[in-house]
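# Observations on the three-dimensional arrangement
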Amino acid sequence: MEWETVIGLEIHAQLATRSKIFSGASTAYGAEPNTQACAVDLGLPGVLPVLNAEAVNMAIRFGLATGCSIAPHSVFARKNYFYPDLPKGYQISQYELPVVHEGEVIIELDDGETMRVGVTRAHLEEDAGKSLHEGFEGVTGIDLNRAGTPLLEIVSEPDLRSAKQAVAYMKKIHSLVRYLEICDGNMQEGSFRCDANVSMRPKGQEKFGTRAEIKNLNSFRFVEKAINYEIERQIDLLESGGTVVQETRLYDSVKGETRSMRTKEEANDYRYFPDPDLLPLEITSEEVEQIRATLPELPDAKKERFMADYGLSAYDAGVLTASRDQADFFEAVVQAADGEAKLAANWVMGDFSGALNRDGREIGDSPVSPEMLGGMLKRISDNTISGKIAKDVFEAMWNGEGDADAVIEARGLKQVTDSGAIEAMIDEVIAANPGQLEQYRAGKDKLLGFFVGQVMKASKGKANPAQVNELLKKKLSG
Amino acid sequence: MSIHTSTVAELSTALARGDHSSRELTEVFLERIQGQGAALNAVITVTAEQALAAADAADRSRAAGEAGPLTGVPMVHKDIFCTRGVRTSCGSRMLDNFISPYNAHVVDRLAAAGMVCMGKANMDEFAMGSSNETSFYGPVKNPWDTAAVPGGSSGGSAAAVSGGLAPAATGTDTGGSIRQPAALCGITGLKPTYGRVSRYGMIAFASSLDQAGPMARTAEDCALLLEAMAGFDARDSTCVERDVPRYSQALGGDLKGVTIGLPKEYFGEGLDPTVASAIDAAIAEYRKLGAEFREISLANTHLAVPAYYVIAPAECSSNLSRFDGVRFGHRCDSPRDLEDLYKRSRGEGFGDEVQRRIMVGTYALSAGYYDAYYLKAQQVRRLIRDDFLQAFEDVDLILGPTSPTAAFNIGERSDDPVSMYLSDIYTIAVNLAGLPGISVPAGFADGRPVGLQLIGNYFDEARLLNAAHAYQQVTDWHTRVPEAFA
């Protein structure tokens, strides 16, 4: 039988507010356990939550960026369950009336095709603390620093049909939340993670199959691997006459498999009800419009503009606009390079990205500024240096030897464009290689490359390659 | 005038005149609390040292000319309010070991007004009860008859004022927990409009119903205390940002042209005839004061108790989840595993009534029952509120009994939750609607006090207090003191 995979993602994006969603405690990552948990986060008797308005603004930004409706009236609800890292015995979330609902994103697939993915809803909620098992003998440690950190849970429609699509969607949302500056997107620290609902159905059938939910996937690679494992597991199960059980599963990244965490029967009855400590969240259309006016240019629009304004290919424009930092960097380079957009695109996507990856750096802490890179590109286009020498100049800049002009000056890398000087070098090379000259003149044209190489070597790479070519041809042909 | 039977206003005057220092007053009341008053079991934590230090500080600020009307006046807090460095038990074994690291908003406000806190008043466990018999620290006795209950849940506060252990106390009212014990102990107790007083630091029972208020001998005293307690607090999202009138300055207005509604549902079956005749006498006094009466109907009154006993337990089942033995409060000995920790810590820490309400509330919120119970109860709640709003189109205040009977005996209703719940039949609807209500002493039934309830429109505490004060100018029920504690 031919199977169709149906996937929906629930993405948890930690909102980049300075303080928690219902208290004034800091949200900074990595502090000593329980040093960033105030009375409210600890769930002490008598404390009350107060909503952080910035978290609401961020949710609205996301909603507007995905064409969602912003609810004029939404409600915080309590999700009740006991767990040691859940201090109040309930999580404040949104249930029946979320702040953001019904929108979409367009994702691009590997083959260049685009696809619409529905966003069912996005709601605000607080994160729980962490249970610590390592380094504790026979007991569990509880760290409540994360308790109360604001999360935006973004729920997709079950529109995704493969692990690759799921990853493309997740990357799209990842890019969006960073463009909007509402989430740092740091997956290692858990700031951006997802649960994947996966089910199978016979191709052509409308009714969904029974789904399994894979919890807490915190890398694109894990999302792809876990979903693919799950697809195979479910197909094997179904084809051997079994049935898929509705359950929550965990992905074991070491073993590369998913395993059951709890079945539907073991699931909690969360007893959702409106939180009486918080008033319903009322948002006016004026407030929405104020926030809309502050939205940055979003990736799709930016990509279109890059293609139109800079004459970039769809592929290049897509790569450059995948992150706002990279797009901004690119545009600053173009400006510094007096509009050399294609050259800038090649360098930003090529050597520059390569150097960042090699050193594990973010654009923000690159040793080469856009002005430095743009300045170097100007020296390429005005023939001061060749593209080849530019690679050395770039490395030197990366290593802190100053801007391009300083490096070129200090290392004497200025291209030789004086035809007299080039001709003199050519004459020497020809004189030193009579045999090759003879062969060339006998029709072995390929030897041109040999002569070019020798001249470039003699000039220590500084001779202008185009001039060398031209003058060589003239001299070789006698 | 003896100090322990004085009102807050009288003590305030005495302090201002220099007749007494705050230290003298505080010593008198501390001696009452620890001496003959101890038999009432009204105060479960006495903070004598801190009280005397606070009294000295109050005397110093008075000497410096910085005294307000409440500076140096002693009081006690219901043990539901968090007090920094002092055990805050909420009447429960669960919090018998809980020393709060912070002060409730109300505690800070009254301290800032210069009041001297002498300790913490006994109460029904987690404010769940109408007789103060559910306290882990044992029942409180009614100063008028120690065989009788003081009412609840603010029974310790009411008995402390009535027995002359403190001139004033704080209370909280979720379904009548200020007004009913005030009635049963013969004192005055005000439940303000929901949102008038911050709930921050007040241990939650049912968040949408809980409201803090003052308990004292007179309406005037309640006015003085409410002025200090009320006001906006950004830490409570349900607290309303609205100016606080000078309630005590607004007293003394006449009642000419004031229209008072008499809900026929509050005078029907179940109302003790002796209580009814005390209320009738009060109505006659009000007529003499110039008030006009009109019969009204609050047609959904009979649904108030059932709706309340869905909503309040539902909220409490969630509010009390934080008491899990993990971070504070009671933890069972050597738990085998996490589930055992939860089950035994909560099973041992909570008393029967609390467990009963947690179970009822959990059931009412369960999948498949939510619509039939919780949602339905919320709909009823709106009907009840609408009844009141409609009534207030025609009348300024509503009057009736606070409780259908005077104080019952300790043990009399403790095995029958429903009969216990019915003692709040006239007070519960006020919480469901979020309105202010006050109970004032209005006579006796077989030697036990009877309370008169006045209900006002939203944020109409000034009118409510004025009407109660006017009545107290022409009656002396509020000046009576129980003989055994005279």
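Residues numbered from 1 in each chain as written. Chains lettered and ligands numbered in written order. Predicted model: local features only at pLDDT ≥ 70, side-chain atom pairs only at ≥ 80, totals over all residues.

Another aspect to go through is the overall build of chain B. In terms of helices and strands, chain B carries 15 helices and 11 strands. Each principal axis of the C-alpha atoms in chain B carries an extent, and together these give about 65 × 55 × 45 Å. Among the 486 residues that make up chain B, the fraction classed as buried is 60%. Taking the intrachain contacts of chain B between residues at least 6 apart in sequence as the baseline, contacts between residues at least 24 apart amount to 76%. (Helix = DSSP H or I, 4+ residues; strand = E, 2+ residues; numbered from the N terminus. Buried ≥ 20, exposed ≤ 12 C-beta atoms within 10 Å, placed from the backbone. Contact = placed C-beta atoms within 7 Å.)

Each helix and strand in chain A was counted, giving 16 helices and 16 strands. Taken over C-alpha atoms, the radius of gyration comes to 30 Å for chain A, far larger than the 23 Å a tight globule of 478 residues would show. For chain A, the C-alpha atoms occupy an extent of roughly 95 × 55 × 55 Å along the three principal directions. Counting the 478 residues in chain A, one finds 41% classified as buried. (Rg over C-alpha atoms; globule rule 2.2 N^0.38 Å.)

The subject of this paragraph is the packing of helix α9 (residues 304-319) of chain B against helix α12 (residues 371-394) of chain B. Residues and elements named next belong to chain B. Put simply, α9 and α12 touch, their axes get as near as 9 Å, and they point 125 degrees apart. The orientation of α9 relative to α12 falls into the category oblique. Classified by chirality, the crossing of α12 by α9 is left-handed. Contact with α9, carried on its side by Ala 304, Ala 307, Val 310, Ile 311 and Ala 314, involves Tyr 373, Tyr 374, Ala 377, Gln 378, Val 380, Arg 381 and Ile 384 of α12 and no other residues of that element. Class assignment of the residues belonging to the contact of α9 with α12 gives a composition of 10 nonpolar, 1 polar and 1 charged. (Axes fitted to C-alpha atoms, helices over the stretch in contact; angles between N-to-C directions. Parallel < 35°, antiparallel > 145°, perpendicular 65-115°, else oblique. Left-handed = near helix turned anticlockwise from the far one by under 90°. Nonpolar A, V, L, I, M, F, W, Y, C, P; charged D, E, K, R; others polar.)

What follows deals with the sheet that holds strand β4 (residues 76-80) of chain A. All names here are of chain A. Strand order in the open sheet made by the 3 strands is β5-β4-β15, with antiparallel pairing throughout. Of all the strands in the sheet, the pair left with one neighbour each is β5 (90-94) and β15 (273-274). With 2 bridges connecting them, β4 and β15 associate as antiparallel partners. Its bridge partner lying in β15, Ala 77 is registered against Pro 274. (Pairing = 2+ DSSP bridges.)

All names here are of chain A. Compared with the 18 Å implied by 1.5 Å per residue over 13 residues, the 18 Å span of helix α8 (residues 324-336) between its first and last C-alpha is a close match. Residues of α8 that are buried: Arg 324, Ala 327, Phe 329, Phe 330, Glu 331, Val 333, Val 334 and Ala 336. Of the surrounding elements, those touching the buried residues of α8 are α3 (163-179), α6 (299-310), α7 (314-320), α9 (341-359) and α10 (370-381). Looking one or two residues beyond α8, the residue adopting positive phi is Asp 338, at roughly 55 degrees. (Expected span 1.5 Å × (residues − 1).)

In this assembly, 23 residues from chain A lie in contact with 34 residues from chain B. Elements that contribute at least two residues to the side of chain A that touches chain B include exactly α1 (39-42) and β4 of chain A. The residue makeup of the side of chain A that touches chain B, split by class, is 14 nonpolar, 4 polar and 5 charged.

Residue and element names in this part refer to chain A. Strand order in the open sheet formed by 9 strands is β2-β6-β7-β10-β1-β11-β12-β13-β14, and the pairing between neighbours is mixed. Strands at the two margins of the open sheet, each flanked by one partner only, are β2 (69-70) and β14 (257-263). Relative to strand β7 (residues 114-126), strand β6 (residues 100-108) is paired through 8 bridges, and the arrangement is antiparallel. Opposite Ile 106, over in β7, you have Arg 116 as the bridge partner. Docked against the sheet, helix α4 (residues 220-239) engages β1 (3-14), β11 (192-202), β12 (212-217), β13 (247-252) and β14, running at close to 25 degrees with respect to β11.

Each full turn of the α-helix corresponds to 3.6 residues, which orients residues three or four apart in the same direction. Compared with the 22 Å implied by 1.5 Å per residue over 16 residues, the 22 Å span of α9 of chain B between its first and last C-alpha is a close match. Burial within α9 of chain B is extensive, with 14 of its 16 residues counted as buried.

Before going further, it helps to examine the pairing of strand β11 (residues 448-456) of chain B. All names here are of chain B. Burial within β11 is extensive, with 9 of its 9 residues counted as buried. Of the pairings in the sheet, the one linking strand β9 (residues 397-401) to β11 comprises 5 bridges and is antiparallel in character. Among the inter-strand pairings, Ile 398 is bridged to a residue of β11, identified as Ile 455. As paired strands, strand β10 (residues 437-445) and β11 are joined by 7 bridges and run antiparallel to one another.

On to the pairing of strand β10 (residues 150-156) of chain A, then. Residue and element names in this part refer to chain A. Of all the 7 residues making up β10, 5 are buried; the element is thus mostly covered by neighbouring parts of the structure. Pairing of β1 with β10 involves 5 bridges; the strand directions are antiparallel. Each residue of the ladder has a partner; that of Ile 11, found in β10, is Ile 154. For β7 and β10, the ladder comprises 7 bridges, and the chain directions are antiparallel. Across the sheet, the residue bridging to Leu 124 is Leu 152, located in β10.

Next up on the list: the nonpolar core. All names here are of chain A. Ranked by internal contacts, the top residues of the largest apolar core, which has 223 residues, are Ala 59, Ala 166 and Ala 196. Looking at this core element by element, the count peaks at 10 residues for α3. Here Ala 196 is in contact with Ile 7, Leu 9, Ala 166, Ile 214, Leu 217, Val 223, Ala 226 and Ile 227, once residues within four sequence places are set aside. The next biggest cluster of nonpolar side chains, apart from the first, holds 36 residues, and it includes Leu 312, Met 376, Ile 385 and Ile 408. (Core = buried A, V, L, I, M, F, W, Y, C linked by C-beta atoms within 7 Å.)

Cis geometry marks the peptide bond from Gly 152 of chain B to Ser 153 of chain B; its omega dihedral reads 10 degrees. Turning to its location among the elements, Ser 153 of chain B is positioned in the loop between β3 (116-121) and α5 (155-162). Residue Glu 181 of chain A is not a glycine yet carries a positive backbone phi of 55 degrees.

What follows concerns the domain arrangement of chain A. All names here are of chain A. The domains assigned to chain A are domain 1 (3-290), domain 2 (299-411) and domain 3 (419-476). Each of domain 1 and domain 2 has a C-alpha centre, and these two points are 36 Å apart. Contacts between the two partners involve 6 residues from domain 1 and, on the opposite side, 6 residues from domain 2. For the side of domain 1 that touches domain 2, the secondary-structure elements that each account for two or more residues are β6 and α3. Sort the elements by how many residues they give to the side of domain 1 that touches domain 2 and α3 lands first, with 4 residues. (Domains from an automatic or database assignment.)

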